[in-house]
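# Remarks on the overall topology
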Amino acid sequence: QCYADDGTTIQIGFLFDTTQFNWVEDIFYFVLSLINNKTDGWHDDIFANETITLVGDIVNSGCDESVALNAYWKGLRKNNTPPHAIVGARCSGASSIVARIAGLERIP
């Protein structure tokens, strides 16, 4: 499932403890811009199809299972559709609970 009607968008969900590490968002969106720029010489061929765009959302895991689960369910699912993949938080408890639910939705 893709968020884009034409299937060119890959949606990644990121769980981070943004309360303690508020600088993570800047780095995250900077890296996405580097990956999506197909003319800067930095991994320009990372996707075989040049029309693919990597997009993502960051949600605050709070290093807490209930906060992370709520963040996944309300923050990373767009139009009741899960993201294509999830990157876990630094806290194993918060990542584990989301991984269990995401696994039921067949999300790596």
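Definitions and cut-offs
- Residues numbered from 1 in each chain as written.
- Predicted model: local features only at pLDDT ≥ 70, side-chain atom pairs only at ≥ 80, totals over all residues.
- Heavy atoms only, no water.
- Helix = DSSP H or I, 4+ residues; strand = E, 2+ residues; numbered from the N terminus.
- Expected span 1.5 Å × (residues − 1).
- Buried < 20%, exposed > 50% of the residue type's maximum accessible area, 1.4 Å probe, protein only.
- Arc of directions from axis to C-beta.
- Contact = heavy atoms within 4.5 Å.
- Disulfide = S-S within 2.5 Å.
- Core = buried A, V, L, I, M, F, W, Y, C linked by side-chain atoms within 4.5 Å.
- Phe/Tyr/Trp six-rings, centres within 6.5 Å; stacked < 30°, edge-to-face > 60°.
- Lys NZ or Arg CZ within 6 Å of the ring centre and 35° of its normal.

Before going further, it helps to examine helix 3 (residues 92–104). A rise of 1.5 Å per residue sets the reference length of helix 3, with its 13 residues, at 18 Å; its end C-alpha atoms lie 18 Å apart and thus fit the reference within 8%. When helix 3 is considered as a whole, its buried residues turn out to be A94, S95, V98 and A102. For helix 3, the angular spread of buried residues about the axis comes to 90°, placing them on one side. Along helix 3, exposed side chains directed more than 90 degrees from the buried face belong to S92, R100 and L104. On its buried face, helix 3 sits against strand 1 (9–16), helix 2 (65–76) and strand 3 (85–87).

It is worth spelling out the state of the cysteines at this point. Linking two cysteines covalently through their sulfur atoms gives a disulfide. Evaluated as defined, the whole model comprises 1 disulfide. For C63, the disulfide goes to C91, at an S-S distance of 1.6 Å. Of note, the bridge from C63 to C91 carries an S-S torsion of about 40° and is right-handed in sense. Taken as a pair, C63 in the loop between strand 2 (53–60) and helix 2 and C91 in the loop between strand 3 and helix 3 lie far apart in primary sequence, 28 residues in all. Note on C91: relative accessible area 14%, which makes it buried.

Moving on, we come to unusual backbone geometry. At C63, a residue that is not glycine, the phi angle is positive and equals roughly 50°. With a phi angle near 60°, R106 is a residue other than glycine that sits in the positive phi range. Here R106 is to be found in the segment after helix 3.

Residues L15, Y72, I86 and V98 are the most contacted members of the largest nonpolar core, which totals 13 residues. Taken together, the elements giving at least two residues each to this core come down to helix 2 and helix 3. Other than its neighbours up to four places away in sequence, V98 contacts L15, A68, L69, Y72 and I86. Core analysis: the second largest hydrophobic core is formed by 11 residues, I12, F14, F28 and I58 among them.

What follows is about the packing of aromatic side chains. In this description, an aromatic ring pair is defined by two values, namely the gap between the centres and the angle between the planes. Counted by the stated rule, this structure contains 5 aromatic pairs. Summarising the aromatic geometry, the rings of F14 and F16 are spaced 5.9 Å apart at their centres and angled 5° between planes, so their arrangement reads as stacked. Centroid distance Y72 to W73: 6.0 Å. Interplanar angle 55°. Geometry classified as tilted. We classify Y72 as buried; its relative accessible area is 0%. Over the ring of W73 we find R77; its NZ or CZ atom is 4.3 Å from the centre of that ring.

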